[in-house]
Every structure is written in C-alpha cells, then in structure tokens.
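Close look at the chain arrangement
One letter stands for each residue in the lines below.
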Amino acid sequence: MSLKVHPDPQEPAGGYAFLELEAGSLPDGGQLVAVFDAFGERWLARPDDADASGGNAEPNWQTEKFEFGPYDVYRHDGADWLRIGPEIVNQLGEYASLRLTLAGRTYDVIWPDNVPQRASAAVLGGLQPVGRKPVEIIDRRVGTVQPDGPEDAELDVIESLELSQEEPEELEVEPDRRRGWGLPLLLAALVIAAALAWYFWPDSEPEPTPESAPVVTEQTAPCTRQTLAATKGGFVAIADAIRACGSDVQPDTALSLVEEAAAADDPDALLLFGTLYDGEVLDPRIENLTGLTFADDPAQASEYYARAVTAGSETAADNLSKTCERLANDDATLAKGAYDDFCS
C-alpha cells in the first residue's frame, strides 16, 4: 500500500497537509501518527518550546518513539484521509526520507516540496537610528580645519577646475624609424594566415533541424473547462474527470461546471453542492485537491439535498436526514426556517 501527501489548499500560509491512503487502510476513530527519519534514525517529537499548534521551534528528533494525534479519519472516493497540522509539517524539510507509522503499518515517504511550513508571525526588530557626524575637510589654501559647508565645497570645485585647465608641458618625441616596416609585415602575415585557413578549413555540414515538440493547446489539455465540459456520460463522468485532474483544475473551473449542471436540476450536481456546504461530509479530491469548498452551512446544505432528492438522488436522502437532525438542535432563525422548508 502507498501513502500520498497533499497540501491543504484551504491553508495558503502552509503548515497543514492531507495524508491519502487506500480505502480500508485505517480503522474508525482517531488515529496516531509517528514520523521516523530514515537517514538519521530518529523519531520526531513535539519540541519542548513549541506551542499547541506546533510553532516554529527547531525540530526535535529523539531515540524514543513519539506519536502525534489523534487525527480524524475521512472516507470518500475510495480513499482514507488524515489532516495533520504544523506540529508535524513545520518540523519537516523538503525531500526528507521518512517512514510514517499509522494504525500499526509503516509507509516510506519522500516529503514533497509543495507542502510549505507555516510562517511565524512578524516580530519587531531592534534596529535603532544612528546619527551622522558632520564631515570635516581640510582647507588646503590656509592649512586649517573647517567644517564642511557649501562655500568650502564650491571653492574646492573652482580650485580643481583651475588646476585642470593648466596647459601641460610639451615634450619633443623623436620618431622611431625602425617601426616603418611593422605595419606592412603585419598585413602580409594576416593575408597569408587567412589564405591558409580558407584552404584547409573543412566543409561544414548544416546542422539538423531539431524536431519541434508538440504544442499542447487549450483544446487538447485534459483538465481545461472545454475538455471537461465535453466529457461524455453526463455530470457523473464530468465529476469523475475533475477528481482525476485534482489540483490541475482551478476551483472556478470546477464551480462553473457544477453550477451549470445544478441549474439543469442534475441530481448528482445538486448532491455535490450539498456536500460542499455540509461540514460533516467531505469529497476529498474535489474539496482538498481542487480547493472547491464552502464554509459549513447546514441550512444551505439542506436546500441542495432536498432538491437532489426531488431530482431522484437516493444518497441525498440520507444526507438530508442527518442535516435535518443538526438543524433541529439549532436555535438560529435561518436554521429554523430551513428545517421548516426542507425537513418537515
């Protein structure tokens, strides 16, 4: 079995990641995670000076095994998912050779470079201004020290200009008659060298033209909106294609495809909309990889679940029933209204 590591798209500041395993790899309930450095042969532990969220302390590696957690298990789309936080992510570097232990099983992992550590809060530095002392210059005309001022600077410039305008002494140079034959001999040598180079230079063959790489256009790219919308098999096939593309699909692209199918009362699209609003249900490959997700809103989820049931979705009926139980215990006005409209 393999384990995959994905960044959490809902945490752009970093510090969080999802661990994806095959379905049935993890039992129910909270799971503990142990991290072993295969190169240094040490176990990762929580730093003594780190806060509850993991902080940005130096990594703490020790000889005794340490387990983080427990972490909730999400099951969806044929996989088990765990979400870990800064207590682990902030202590791991890129391309580290690790062994993760979950539920009694060990997985060899090379930590990816797309899971950034969470940056620490900015702290004011101890910089202090330093005053500049006035620069003193020497007046060469009288041999005294005077403070630098605009009048003295102007006098120095004038004096330097007067010195530069003095005419240099003329020197008589006797021409060297021995150099008279130098230029003709040099030209003759260059002509002979050029002739020899032309005669002995090998014939050059034209370099072969490299084959041009195929150009991937928007029409041929597999994860563009145009390609996904043209997927045959209805919205079920389109949603599967979005899940297969994962992070290669932009959230806006995925949302527009779901909205278009929901407007046509497609039961699977309405069910997915309810899932996106339901904080108790997770579609990992769409919500975690593409980043398309909403804040937990049971009232909105119940509306889309009810529409999906009307459109013929059997799965939506079970989700609606659980959402209505949440709304029944909520005293908010919107929750009561949604309960009366979609749960009665």
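The structure this text deals with has already been given above.
Residues numbered from 1 in each chain as written. Predicted model: local features only at pLDDT ≥ 70, side-chain atom pairs only at ≥ 80, totals over all residues. Heavy atoms only, no water.

1. Quick look at the overall build of the protein chain
- Within the protein chain, the regular secondary structure consists of 11 helices and 12 strands.
- Counting contacts in the protein chain only where the partners sit at least 6 residues apart, residues at least 24 apart contribute 58% of the total.
- Of the accessible surface of the protein chain, which amounts to about 23200 Å², a share of 53% is contributed by carbon and sulfur atoms. (Helix = DSSP H or I, 4+ residues; strand = E, 2+ residues; numbered from the N terminus. Contact = heavy atoms within 4.5 Å. Areas by Shrake-Rupley, 256 points an atom, 1.4 Å probe, with all protein chains shown as cover.)

2. As for the packing of helix α7 (residues 267-277) against helix α9 (residues 298-311)
- Two numbers describe how α7 lies on α9: the axes approach to 8 Å, and their chain directions differ by 165 degrees. Considering their axes alone, α7 and α9 lie roughly antiparallel with respect to each other. As α7 runs across α9, the sense of the crossing is left-handed. Residues Pro-267, Leu-270, Leu-271, Phe-273, Gly-274, Thr-275 and Tyr-277 of α7 touch α9, and the partners they reach there are Pro-298, Gln-300, Ala-301, Tyr-304, Tyr-305, Arg-307, Ala-308 and Ala-311.
- Considered class by class, the residues forming the contact of α7 with α9 number 11 nonpolar, 3 polar and 1 charged. (Axes fitted to C-alpha atoms, helices over the stretch in contact; angles between N-to-C directions. Parallel < 35°, antiparallel > 145°, perpendicular 65-115°, else oblique. Left-handed = near helix turned anticlockwise from the far one by under 90°. Nonpolar A, V, L, I, M, F, W, Y, C, P; charged D, E, K, R; others polar.)

3. Quick look at the environment of Ile-88
- With respect to the helices and strands, the residue Ile-88 is situated in helix α1 (residues 86-89).
- By relative accessible area, which is 2% here, Ile-88 ends up buried.
- Placed 19 residues apart in sequence, Ile-88 and Gly-69 show a C-alpha to C-alpha distance of 10.0 Å. (Buried < 20%, exposed > 50% of the residue type's maximum accessible area, 1.4 Å probe, protein only.)

4. As for the packing of aromatic side chains
- In total, this model carries 7 aromatic pairs according to the counting rule given.
- Every member of this aromatic cluster is reached through a ring pair, and the members are Phe-273, Tyr-277, Phe-294 and Tyr-304. (Phe/Tyr/Trp six-rings, centres within 6.5 Å; stacked < 30°, edge-to-face > 60°.)

5. A closer look at the side chain of Thr-224
- For Thr-224, the location among the structural elements is in the loop between α3 (182-200) and α4 (225-229).
- You can call Thr-224 buried: its relative accessible area is 18%.

6. So, the pairing of strand β4 (residues 42-45)
- Sheet topology note: the strand β3 (residues 31-37)/β4 ladder contains 2 bridges and is antiparallel. What sits directly across from Asp-37, in β4, is Arg-42.
- Linking β3 back to β4 in an antiparallel pair, the connection comprises 4 residues, with Glu-41 at a positive phi of about 55 degrees.
- Bridging between β4 and strand β5 (residues 60-62) involves 3 bridges; their strand directions are antiparallel. Counterpart to Ala-45 in the pairing with β5 is Asn-60. (Pairing = 2+ DSSP bridges.)

7. Thoughts on the state of the cysteines
- One pass over the structure, following the stated rule, counts 2 disulfides.
- Residue Cys-223 pairs covalently with Cys-245 via a disulfide, S to S 2.2 Å. Measuring the twist about the S-S bond at about -90 degrees, one finds the Cys-223-Cys-245 disulfide to be left-handed. Here the residue Cys-223 occupies a position in the loop between α3 and α4, and Cys-245 occupies one in helix α5 (residues 234-245), the gap between them amounting to 22 residues. Cys-245 matches Cys-223 in its accessibility class, with the two residues each being buried. (Disulfide = S-S within 2.5 Å.)

8. Observations concerning the packing of α5 against helix α6 (residues 251-263)
- Contact geometry for α5 and α6: axes closest at 11 Å, N-to-C directions at 170 degrees. By the angle between their axes, α5 is roughly antiparallel relative to α6. Crossing handedness for the pair α5 and α6: left-handed. From α5, Phe-235, Ile-238 and Ile-242 reach across to α6, where they touch Ala-254, Leu-257, Val-258 and Ala-261.
- Of the residues assigned to the contact of α5 with α6, the class counts are 7 nonpolar, no polar and no charged.

9. Structural notes on the pattern of salt bridges
- The tally for this structure, following the rule as stated, stands at 14 salt bridges.
- Close ionic contact of Glu-20 with Arg-285 constitutes a salt bridge, the shortest N to O distance being 3.2 Å. Here the residue Glu-20 occupies a position in strand β2 (residues 17-22), and Arg-285 occupies one in helix α8 (residues 284-290), the gap between them amounting to 265 residues.
- Among the residues examined, Arg-285 registers a relative accessible area of 19% and is labelled buried.
- For Asp-318, the salt bridge is made with Lys-322, and the minimal N-O distance between the two is 3.6 Å. One end of the pair, Asp-318, and the other, Lys-322, are both in helix α10 (residues 315-328), 4 residues apart, so they sit about a helical turn from each other.
- What makes Asp-318 partly exposed here is its relative accessible area of 43%.
- A cluster of three or more residues bridged by salt bridges with shared partners is formed by Asp-8, Glu-11, Arg-83 and Arg-118. (Salt bridge = Lys/Arg side-chain N within 4 Å of Asp/Glu carboxyl O.)

10. Description of the sheet that holds strand β8 (residues 79-84)
- Spatially, β1-β2-β8-β7 is the arrangement adopted by the 4 strands of the open sheet, whose pairing is antiparallel. Among the strands making up the open sheet, the edge pair consists of β1 (4-7) and β7 (73-76). Between one strand axis and the next, the sheet turns by 30 degrees as a mean value, whatever way the strands run.
- Looking at chain direction, β1 and β2 are connected through 4 bridges and run antiparallel. Its bridge partner being in β2, Val-5 is matched across the sheet by Leu-19.

11. Considerations on a nonpolar patch on the surface
- Together, Ile-192, Leu-196, Trp-198, Tyr-199 and Phe-200 line one region of the surface with nonpolar side chains, adding up to about 700 Å² of accessible area.
- For Phe-200, the position within the fold is in helix α3.
- Using a relative accessible area of 61% as the deciding quantity, one classes Phe-200 as exposed. (Patch = residues over 30% accessible without salt bridge, like charges linked within 9 Å, V, L, I, M, F, W, Y side chains within 5 Å.)

Read these as layout, nothing more, since geometry by itself doesn't imply function.
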